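Chains, contacts and geometry: an overview
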Amino acid sequence: MDNLNYYFSIFRRRLPYFLIVVTALSALSVTVAFTLPPAYESRMVLLVESPQIPEELASSTVQTPVFEQLQVIEQRLLTRTNLLQIARKFNVLPNLNNLNPDEIVSAMRARTVIKISNTFRQGAPLMTITFEAPLARTAAEVLNEYLLLIQQQDADFRKGRSSETLAFFTQEVVRLGQDLDAQSARILELKQANSEALPESLAFRLDQLSVFQDRLIQAEREIADLRSQRSRLLQLYELTGNVQTAREVPRSADETQLEVLNNQLAEALAVYSLENPRVKILKKRIEKLKAKIQGAAPGTAEPESPPLEPVDEFPPVMIIQLEEIDNRISSLEEQKSSVEVHIQKLDENIAKTPEVAINLEEMNRRYEAIESQYNLAENRLSKAQIGDRIETRSRGQKLSVIEQPAVPSEPTKPNRLRIAGAGVAFGILTGFGLLFLIEILNTSARRPEDIINKLGVTPLTTIPYIETRGERFRRRARKLLVILAILVGIPAAVYAVHIHYMPLDLLADKVMNKVGVRW
């Protein structure tokens with residue numbers, strides 16, 4: 001009980017401070033509450049609709065998530081340029097000409113409230129936009145302007161995205177087509193420059209090489225036969241002095257076998273090297289057979305025939321036969337040279353074929369890679385064209401207006417009683433807070449308990465200060481004057497600010513615009 005009396009006495013002693021704070025804040029809040037102009041709030045609701053054409057059939061090229069799309073709309077709508085243009089176009093704010101651009105933008109953003117529903121899994125995403133203005137028509141006009149900007153920006157954004165996508169893939173198709181043509185030209189140039197060494201004609205050239213090698217063997221065989229025939233013709237003339245045609249010259253079995261071995265050796269040399277065992281065996285057999293023929297040649301002559309007299313010239317028939325044999329040998333030599341040239345050329349082309357095949361395969365791989373990219377770009381270009389048509393005809397994801405902006409019939413703000421009550425409650429709490437702070441900072445001894453705690457001495461008794469009647473009268477008069485000054489002076493000061501400095505409604509509106517909140 002003593003503590004309650006003590007705290008009550010402190011409250012009575014500090015009552016002027018409490019009244020100053022409570023009266024000032026209460027008067028200010030009540031004055032502001034009943035001087036604030038009426039505020040009208042208009043509202044519109046937007047819905048993000050799904051594409052009208054199923055994505056399984058055809059999809060748009062603008063694949064923006066719904067929440068991201070709504071955030072983009074919000075950021076683009078509340079840009080500085082848009083807010084300044086709308087505020088000046090409809091003269092939204094009171095005393096607009098005295099505000100700088102930053103204050104106008106802050107006020108417009110404070111009056112604009114955008115809410116995006118976060119229940120995407122439960123239903124369609126919604127965007128609710130409200131705007132507060134001193135006039136009902138102004139609030140509706142600003143929201144209608146917001147709606148036009150949102151629809152125009154959304155359409156421009158989606159069509160711009162689809163047009164950019166279409167232009168990109170169009171350029172890609174043209175570029176890859178040019179690369180494809182250039183690669184085809186390089187492949188054609190390589191094939192033309194190496195037309196006789198292409199891998200696809202390798203089998204044909206190998207067949208040709210085999211044919212020419214057979215021709216070369218045949219020519220060498222015929223040349224060997226003609227030379228053998230000419231040699232036998234000369235030997236016959238030297239031994240007998242008779243002239244016979246080559247067809248009349250008889251050949252022994254060894255000579256026939258020698259001719260067969262020579263042919264076999266020529267065929268083996270066309271396939272094998274000189275170190276091959278088959279070639280070596282054929283050479284040894286030919287050498288033995290030649291030695292045998294040369295050893296038997298003297299025995300064929302008749303010992304009793306007289307030696308031939310040397311002749312200066314061959315008979316005409318002999319000359320004709322020799323010329324015929326020489327002409328045929330010469331013709332076969334030319335044919336042999338021509339065949340050897342062809343064989344050499346074919347060998348060079350065949351040896352060159354692997355290098356050409358590697359280069360051609362590398363070019364073909366590059367061509368196939370470009371062709372794959374070109375086909376992919378063609379496919380994506382087709383999809384981009386379909387997506388662009390979807391966006392052009394507004395068949396894709398789009399914004400729809402569920403609730404159009406309307407002119408409010410009555411003001412929605414301010415709630416004057418709530419503002420005044422909140423101001424009075426805040427003033428009372430602030431007053432008690434001030435008294436509590438003063439008492440915490442005051443460390444002087446005012447009770448016996450304070451003396452005991454500070455000095456450690458227990459007094460026998462305490463004598464309170466005894467006021468005279470005059471002192472009591474003067475003290476009460478001072479309190480009354482202070483209370484009257486508070487009750488009259490603070491409202492008068494608030495009224496003076498309202499009249500001579502700035503109307504309280506404008507002052508409150510300016511403060512709320514800077515803070516970014518509305519009542």
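Residues numbered from 1 in each chain as written. Predicted model: local features only at pLDDT ≥ 70, side-chain atom pairs only at ≥ 80, totals over all residues. Heavy atoms only, no water.

Observations concerning the overall build of the protein chain
- Helix and strand content of the protein chain: 14 helices and four strands.
- Classification of the 519 residues of the protein chain by burial places 32% in the buried group.
- Residue pairs at least 24 apart in sequence account for 79% of intrachain contacts in the protein chain once pairs closer than 6 positions are excluded.
- Approximately 33400 Å² of the protein chain is accessible, and the part contributed by carbon and sulfur atoms is 56%. (Helix = DSSP H or I, 4+ residues; strand = E, 2+ residues; numbered from the N terminus. Buried < 20%, exposed > 50% of the residue type's maximum accessible area, 1.4 Å probe, protein only. Contact = heavy atoms within 4.5 Å. Areas by Shrake-Rupley, 256 points an atom, 1.4 Å probe, with all protein chains shown as cover.)

Points about the side chain of Thr353
- Mapped onto the fold, Thr353 is located in helix H10 (residues 316-392).
- Overall, Thr353 belongs to the buried group, its relative accessible area being 3%.
- Of the polar contacts made by the side chain of Thr353, one reaches the side chain of Arg205; its length is 3.0 Å.
- Setting aside chain neighbours within four positions, we find Thr353 in contact with Ala197, Leu198, Pro199, Leu202 and Arg205. (Polar contact = N/O pair within 3.5 Å; in protein donor to acceptor, adjacent residues only side chain to side chain.)

Some thoughts on unusual backbone geometry
- Even without glycine at this site, Asn91 takes up a positive phi of about 50°.
- Tracing the backbone shows Asn91 in the loop between helix H4 (80-90) and helix H5 (101-111).
- Taking the relative accessible area as the measure of exposure, Asn91 reaches 51% and is therefore exposed.

Comments concerning the nonpolar core
- In this structure, Leu77, Met108, Ile129, Phe131, Tyr146 and Ile150 are the most contacted members of the largest nonpolar core, which totals 32 residues.
- Taken together, the elements giving at least two residues each to this core come down to strand S1 (40-49), helix H3 (66-77), H4, H5, strand S3 (126-133) and helix H6 (136-193).
- Residue contributions to this core peak at seven residues, all from H6. (Core = buried A, V, L, I, M, F, W, Y, C linked by side-chain atoms within 4.5 Å.)

Looking at a nonpolar patch on the surface
- Taken together, the side chains of Phe436, Leu437, Ile440 and Leu441 make up a nonpolar region of the molecular surface, amounting to roughly 450 Å² of accessible area.
- Structurally, the position occupied by Phe436 is in helix H11 (residues 416-441). (Patch = residues over 30% accessible without salt bridge, like charges linked within 9 Å, V, L, I, M, F, W, Y side chains within 5 Å. Salt bridge = Lys/Arg side-chain N within 4 Å of Asp/Glu carboxyl O.)

Brief notes about the pairing of S3
- Of all eight residues in S3, seven are buried, a share of seventy percent or more.
- Bridge count for strand S2 (residues 112-116) against S3 is five bridges, and the pairing is antiparallel. Bridge pairing links Ile116 to Met127 in S3. (Pairing = 2+ DSSP bridges.)

A word on the environment of Ala107
- Tracing the chain through its elements places Ala107 in helix H5.
- Taking the C-alpha atoms as reference points, Ala107 and Val92, 15 residues apart in sequence, are found 9.7 Å from one another.

Considerations on the confidence of the model for the protein chain
- Summary statistics for the protein chain give a mean pLDDT of 76 and a share of 73% for residues scoring 70 or more.
- Ranking the elements of the protein chain by mean pLDDT puts helix H14 (residues 504-515) last, at 61, and H4 first, at 90.
- When the criterion is pLDDT under 50, residues 245-249 qualifies, and its contacts beyond four places in sequence or with other chains add up to six contacts.
- Here residues 297-312 is modelled with pLDDT under 50, and outside its nearest four sequence neighbours on either side it reaches six contacts, counting other chains as well. (pLDDT = per-residue confidence, 0-100.)

Observations regarding the packing of aromatic side chains
- On inspection of all chains with the given rule, the structure shows three aromatic pairs.
- For the pair Phe18 and Phe432, a centre-to-centre distance of 4.8 Å together with 55° between the ring planes defines the contact as tilted. Taken as a pair, Phe18 in helix H2 (residues 15-35) and Phe432 in helix H11 lie far apart in primary sequence, 414 residues in all.
- Measuring from centroid to centroid gives 6.0 Å for Phe131 and Tyr146, while their planes differ by 85°, and the two rings are edge-to-face. Remark: Tyr146 occurs in helix H6 and Phe131 occurs in strand S3; sequence separation between them is 15 residues. The pair Phe131 / Tyr146 is uniform in exposure class, with both members buried. (Phe/Tyr/Trp six-rings, centres within 6.5 Å; stacked < 30°, edge-to-face > 60°.)

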